[in-house]
2 protein chains.
Amino acid sequence: MERRGRQQKDALKIHLLNFDRTHGIHYDPRMQLTLYTDYSLRALLYIGRTPDRLVTISEIADFYGVSRNHMVKVIHHLGSIGYLTTIRGKAGGVRLARPAGEIRISEVVQATEPHMDLQECFNPHTNTCPLTGDCRLKGVLYQARAAFMGVLAGQTLADLLPPSLEP
Amino acid sequence: MERRGRQQKDALKIHLLNFDRTHGIHYDPRMQLTLYTDYSLRALLYIGRTPDRLVTISEIADFYGVSRNHMVKVIHHLGSIGYLTTIRGKAGGVRLARPAGEIRISEVVQATEPHMDLQECFNPHTNTCPLTGDCRLKGVLYQARAAFMGVLAGQTLADLLPPSLEP
DNA sequence: CATAAGATGCATTTACAATATATGTTATGG
DNA sequence: CCATAACATATATTGTAAATGCATCTTATG
């Protein structure tokens, strides 16, 4: 609510599907990463920028001014898939479980953005489009998605940290 | 509801943010185009495949088995931005307003997918991330998005039609 | 002029991202 | 050894907007 709420309260809101040519305002995208992925990347950035000590979830959430509950789940997930070492108990906290140079951004996005079916036809289980099989659009969208992920595959967390933190 | 509804009723549903490691099921993406864009592209495909006559909105909606209401708005919008010629009245219908080879897929997506802010920091008006300005992630995501759109920019509607329809 | 087509606005539903709450588990430091 | 501070986990609630439905208007033709 926080993030999009402000935007939506300020703006005249006419949904695209309920498009009103007298106002002609378009808003609200879908080609976006979830806030969950956003927070995952931000958490890694923060932790990567603080390599000398453990950081707590509260610290990260406070820094970004976001819900601690969200961050708890983000951190837990990143820990469970091997990006973070989490240490319970008093004086606990989290740190990177691998060198920043080995954390590939495309992999983080894939791990946090469960699937990236751009269109209905990407999921054969739910697809209903009768053109499937005789339609070249899907292939093109696949290529586009591959190009997108290809850029992210060329970057690691280390590449995204400030130069001063480079080894 | 139709499209995602089926998928969601069949599957065990545990939201990623409410991730449950005992089940461990991830679902529900966000890196996807809106159904609105989906329908826009499908409508263009159908109309492009029927170059010899006018087609009606009902015909398109029936073909794909989707809401006619949706399709009405999609067609109207595509008409208002110059992709379609719409003809009212009895014996009316729609046809392409330009040759299929001049309808660039990237432009259709941009016209129907209003903005594509992958992350909060893409919109300076609502951004709250304190790293902005000292964070290299945004630039990388920009590059990735550009790569995505670049692939779509290399394709026109004509490229997506069956070979038999090529001039 | 009845009818079949698109145009338009508004109301409703539903999904789910986001958030909140509650409680459990672990480990340390005094 | 236990109070406390940290992460772990499950469930419930909320808010937004995508998706859909419905009603009516406008246009043109056979």
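Look up: the structure comes first, before these words.
Given the structure is predicted, the values throughout are model-derived calculations rather than measurements.

Q: When you look at the pattern of salt bridges in this model, what are you seeing that I'm missing?
A: Two side chains bearing opposite charge may form a pair once their charged atoms approach each other closely. Counted according to the given criterion, the structure contains eight salt bridges over all chains. The closest approach of N and O atoms between Glu120 of chain A and Arg42 of chain B, which form a salt bridge, is 3.0 Å. Of this pair, Glu120 of chain A sits in the loop between helix 5 (105-112) and helix 6 (137-153) while Arg42 of chain B is found in helix 2 (residues 35-48), placing the two residues in two different chains. Among the residues examined, Arg42 of chain B registers a relative accessible area of 4% and is labelled buried. Residue Asp134 of chain A is joined to Arg49 of chain B by a salt bridge in which the shortest nitrogen-to-oxygen separation is 2.3 Å. Separated into two different chains, Asp134 of chain A in the loop between helix 5 and helix 6 and Arg49 of chain B in the loop between helix 2 and helix 3 (57-64) make up a pair that spans both. In this structure Asp134 of chain A comes out as partly exposed when scored by relative accessible area, which is 39%. Beyond isolated ion pairs, a larger network of salt bridges with shared partners links Asp38 and Arg42 of chain A together with Glu120 of chain B.

Q: Help me understand helix 4 (residues 68-80) of chain A, please; the structure alone is not making it clear to me.
A: Count 3.6 residues to each turn of an α-helix, and residues three or four apart come out pointing the same way. Residue and element names in this part refer to chain A. With 13 residues, helix 4 should cover 18 Å at 1.5 Å per step; its first-to-last C-alpha distance of 18 Å lies within 8% of that length. Of all the positions in helix 4, only His70, Met71, Val74, Ile75, His77 and Leu78 are classed as buried. For helix 4, the angular spread of the buried residues around the axis is 165°, confining them to a single face. Contacts from the buried residues of helix 4 go to helix 2 (35-48), helix 3 (57-64), strand 1 (84-87), strand 2 (93-96) and helix 5. Its side-chain oxygen at 3.2 Å from the backbone nitrogen of Asn69, Ser67 defines the N-terminal cap of helix 4. Downstream of helix 4 by one or two residues, Gly82 has phi in the positive range, about 90°.

Rules and cut-offs
- Residues numbered from 1 in each chain as written.
- Chains lettered and ligands numbered in written order.
- Predicted model: local features only at pLDDT ≥ 70, side-chain atom pairs only at ≥ 80, totals over all residues.
- Heavy atoms only, no water.
- Salt bridge = Lys/Arg side-chain N within 4 Å of Asp/Glu carboxyl O.
- Helix = DSSP H or I, 4+ residues; strand = E, 2+ residues; numbered from the N terminus.
- Buried < 20%, exposed > 50% of the residue type's maximum accessible area, 1.4 Å probe, protein only.
- Expected span 1.5 Å × (residues − 1).
- Arc of directions from axis to C-beta.
- Contact = heavy atoms within 4.5 Å.
- Polar contact = N/O pair within 3.5 Å; in protein donor to acceptor, adjacent residues only side chain to side chain.

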